[in-house]
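# Breakdown of the fold
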Amino acid sequence: MDTDAFLSRDVLLVIALLVVGIGGSGIARALLHEQGYDTLGSVVFVLGYGSMVVVLWWGWIRPLDITGPSGRGE
């Protein structure tokens, strides 16, 4: 298996986005909670996780052509 094809730039970008979106916002939430800002930490986590979902959808899932075959049943 060719590792260059597996670890393309797009795959690395998605991995980095997942790590930052989930891990980064979780760490920020935990640090804010330790400082006594629990509500702010929750808002940061929701915004970070939600932004990651929107960016993944916009850049990776939205452009997929998932239409069915045309001309069937005629």
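Keep in mind that what you see is a predicted model, and the values were worked out from it rather than measured.

## Section: a nonpolar patch on the surface
A contiguous nonpolar surface patch, about 580 Å² in accessible area, is contributed by Phe6, Leu7, Leu12, Ile15, Val19 and Val20. Here leucine 7 shows up in the loop between α1 (3-6) and α2 (9-34). Overall, the relative accessible area of 42% leaves leucine 7 in the partly exposed class.

## Re the pattern of salt bridges
Applying the stated criterion across every chain yields a total of one salt bridge. Between arginine 29 and aspartate 38 there is a salt bridge; the shortest N-O distance is 3.1 Å. Of the residues examined, aspartate 38 reaches a relative accessible area of 33% and is grouped as partly exposed.

## Some thoughts on α2
In this model, α2 (26 residues) spans 36 Å end to end at C-alpha, consistent with the 38 Å of a helix rising 1.5 Å per residue. The secondary structure elements touched by the buried residues of α2 are α3 (38-61). One or two residues past the end of α2 sits glycine 36, with phi positive at roughly 95°.

## Concerning the environment of threonine 39
Of note, threonine 39 is situated in helix α3. In the structure, threonine 39 is positioned ten residues away from arginine 29 in sequence and 9.1 Å away in space, judged by C-alpha atoms.

## Describing the confidence of the model for the protein chain
Averaged over the protein chain, the pLDDT score is 86; the fraction of residues at 70 or greater is 88%. Here α1 stands out as the element of the protein chain with the lowest mean pLDDT, 65, in contrast to α3, whose mean of 93 is the highest.

Basis of the calculations
- Residues numbered from 1 in each chain as written.
- Predicted model: local features only at pLDDT ≥ 70, side-chain atom pairs only at ≥ 80, totals over all residues.
- Heavy atoms only, no water.
- Patch = residues over 30% accessible without salt bridge, like charges linked within 9 Å, V, L, I, M, F, W, Y side chains within 5 Å.
- Areas by Shrake-Rupley, 256 points an atom, 1.4 Å probe, with all protein chains shown as cover.
- Salt bridge = Lys/Arg side-chain N within 4 Å of Asp/Glu carboxyl O.
- Helix = DSSP H or I, 4+ residues; strand = E, 2+ residues; numbered from the N terminus.
- Buried < 20%, exposed > 50% of the residue type's maximum accessible area, 1.4 Å probe, protein only.
- Expected span 1.5 Å × (residues − 1).
- Contact = heavy atoms within 4.5 Å.
- pLDDT = per-residue confidence, 0-100.

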